[in-house]
Amino acid sequence: MTYSYNLNRDPFADCEGTYPFTPHFTDAPGFAMHYVDEGPHGGETVLCLHGEPTWGYLFRHLIPVLSSDCRVIVPDHMGFGKSATPLNRSYWLQDHIDNLERFVLALDLREITLIMHDFGGPVGMGLAARHPDRIRRVITTNGPTPFGQSSLGDRLSANVVVSPWFQWVVQAEKDGSLEAVLGQLGFNILSTLKLNGFENHALITDTWLAAYGSHFADPSDCLGAIGWAKGYATGAHQFEVPNAEAIRMIRTKPAMAIWGKSDRTLHAEHFLPLFTELFPDAPVHRLAGVGHYCLEDAPNEVGRLIADFIYRN
């Protein structure tokens, strides 16, 4: 079942005009999952997947760039953005893959161009492993693309040595402070985003902070953000393992990587090889002076690269 949302129920619904997209909801994944659905139906379908601790707002500049010609769909994962945060659910990677699969099947999305950021990468690649026939293109924007590569475990271990965010996650889980700190994201959202890394501090306005922090009003609203971090620290996340046919099919898809070179959370030397192993001939764009949140630091350049890539392929 899908249904629309009454904007009057949420005084910050359009983030003071910075997210002027009609909200939609579906209960297909077993909770109220919010998504944006802009542009013409029946042609290109673009599916944008955010990560930690963001939501669809991350793609606010990209949506109008693509929606004149493409159907652009931007869901909020369970526990993030305008989606519900159920208390009786777990928030591991495999749960988010299950949710996305139910969402895609309910909307019967096909010919999908995946655009993935941060943990949206493993979630999107999980969908691709299960339904490679529904994927048309793969685009990563500072998001890992695990797809059965044997090097994944070593890369995750090597990255934590140089990543302040993952170092904090591991230590906070050990000393018991992880849930307490991330349970206060409504207050410490800026420091969390900064730890993950963006370079353009001119972004910081009251509206921007409220957009990213307003979902996390109290600890019960923070289960999604806590779950993603805790799942890494405890090894609870299960990466989807594609079969040989899925690997064969996905390798044939047009693909592109965009990576902010100043990413301190997901270092290119550890994660871009996951992409190039799968797509050895695909273009890779490394953006100087751009951090982990490349869609915030360089929205115009990222939008141009993505639009050009879609139209050429």
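Above: the structure in question.
Here is what the cut-offs are and how they apply
Residues numbered from 1 in each chain as written. Predicted model: local features only at pLDDT ≥ 70, side-chain atom pairs only at ≥ 80, totals over all residues. Heavy atoms only, no water. Buried < 20%, exposed > 50% of the residue type's maximum accessible area, 1.4 Å probe, protein only. Helix = DSSP H or I, 4+ residues; strand = E, 2+ residues; numbered from the N terminus. Pairing = 2+ DSSP bridges. Axes fitted to C-alpha atoms, helices over the stretch in contact; angles between N-to-C directions. Parallel < 35°, antiparallel > 145°, perpendicular 65-115°, else oblique. Contact = heavy atoms within 4.5 Å. Nonpolar A, V, L, I, M, F, W, Y, C, P; charged D, E, K, R; others polar. Arc of directions from axis to C-beta. Phe/Tyr/Trp six-rings, centres within 6.5 Å; stacked < 30°, edge-to-face > 60°.

Can you walk me through the pairing of strand β8 (residues 255-260) in this structure?
Every other side chain in a regular strand lies on the same face of the sheet, so the side chains alternate between the two faces. Taking burial as the measure, the six residues of β8 include six buried ones, the bulk of the element. As paired strands, strand β7 (residues 135-141) and β8 are joined by four bridges and run parallel to one another. Across the sheet, Thr141 pairs through a bridge with Ile258, a residue of β8. Taken together, the four bridges between β8 and strand β9 (residues 284-287) define a ladder with parallel strand orientation. Bridge assignment links Gly260 to a residue of β9, and that residue is Leu287.

What should I look at first to understand the packing of helix α5 (residues 164-175) against helix α7 (residues 185-196) in this one?
When two helices pack together, their arrangement is given by the angle between the helix axes and the distance between those axes. Axis separation between α5 and α7 bottoms out at 7 Å; the angle between their running directions is 120°. Judged by the angle between their axes, α5 and α7 are oblique. On α7, the residues that touch Pro164, Trp165 and Trp168 of α5 are Thr192, Leu195 and Asn196. Taken together, the residues that form the contact of α5 with α7 break down as four nonpolar, two polar and no charged.

Before we go on, may I ask you to explain the environment of Phe309 in this structure?
Considering the arrangement of structural elements, one finds Phe309 in helix α13 (residues 299-312). A relative accessible area of 3% means that Phe309 is categorised as buried. Excluding its chain neighbours within four sequence positions, the residues that come into contact with Phe309 are Arg137, Ile139, Pro254, Ala255, Met256 and Pro283.

I'm lost on helix α4 (residues 152-162) in this one. Help?
Counting along an α-helix, one turn takes 3.6 residues, and residues three or four places apart therefore face a common direction. What α4 keeps buried is the set Leu152, Arg155, Asn159 and Val160. Within α4, the buried residues cover an arc of 135° as seen down the axis, which keeps them to one side. For α4, the exposed residues set more than 90 degrees away from the buried face come down to Asp154 and Val161. Looking at the buried positions of α4, the neighbouring elements they touch are α5, α9 (223-234) and α11 (268-278).

So what exactly am I meant to see when it comes to the packing of aromatic side chains here?
The full count for this structure, using the stated rule, is 14 aromatic pairs. Centroid distance Trp55 to Tyr57: 5.6 Å. Interplanar angle 20°. Geometry classified as stacked. Each member of the pair, Trp55 together with Tyr57, is buried. Where Phe166 meets Tyr232, the ring centres are 4.7 Å apart and the plane angle is 55°; that geometry is what we call tilted. With Phe166 in helix α5 and Tyr232 in helix α9, this residue pair connects regions lying 66 residues apart in the sequence. The class for Tyr232 is partly exposed, based on a relative accessible area of 23%. Through pairs of rings, three or more aromatic residues link up here, namely Tyr19, Phe21, Trp55, Tyr57, Phe198, Trp208 and Tyr212.

Shape descriptors only; they carry no functional weight alone.
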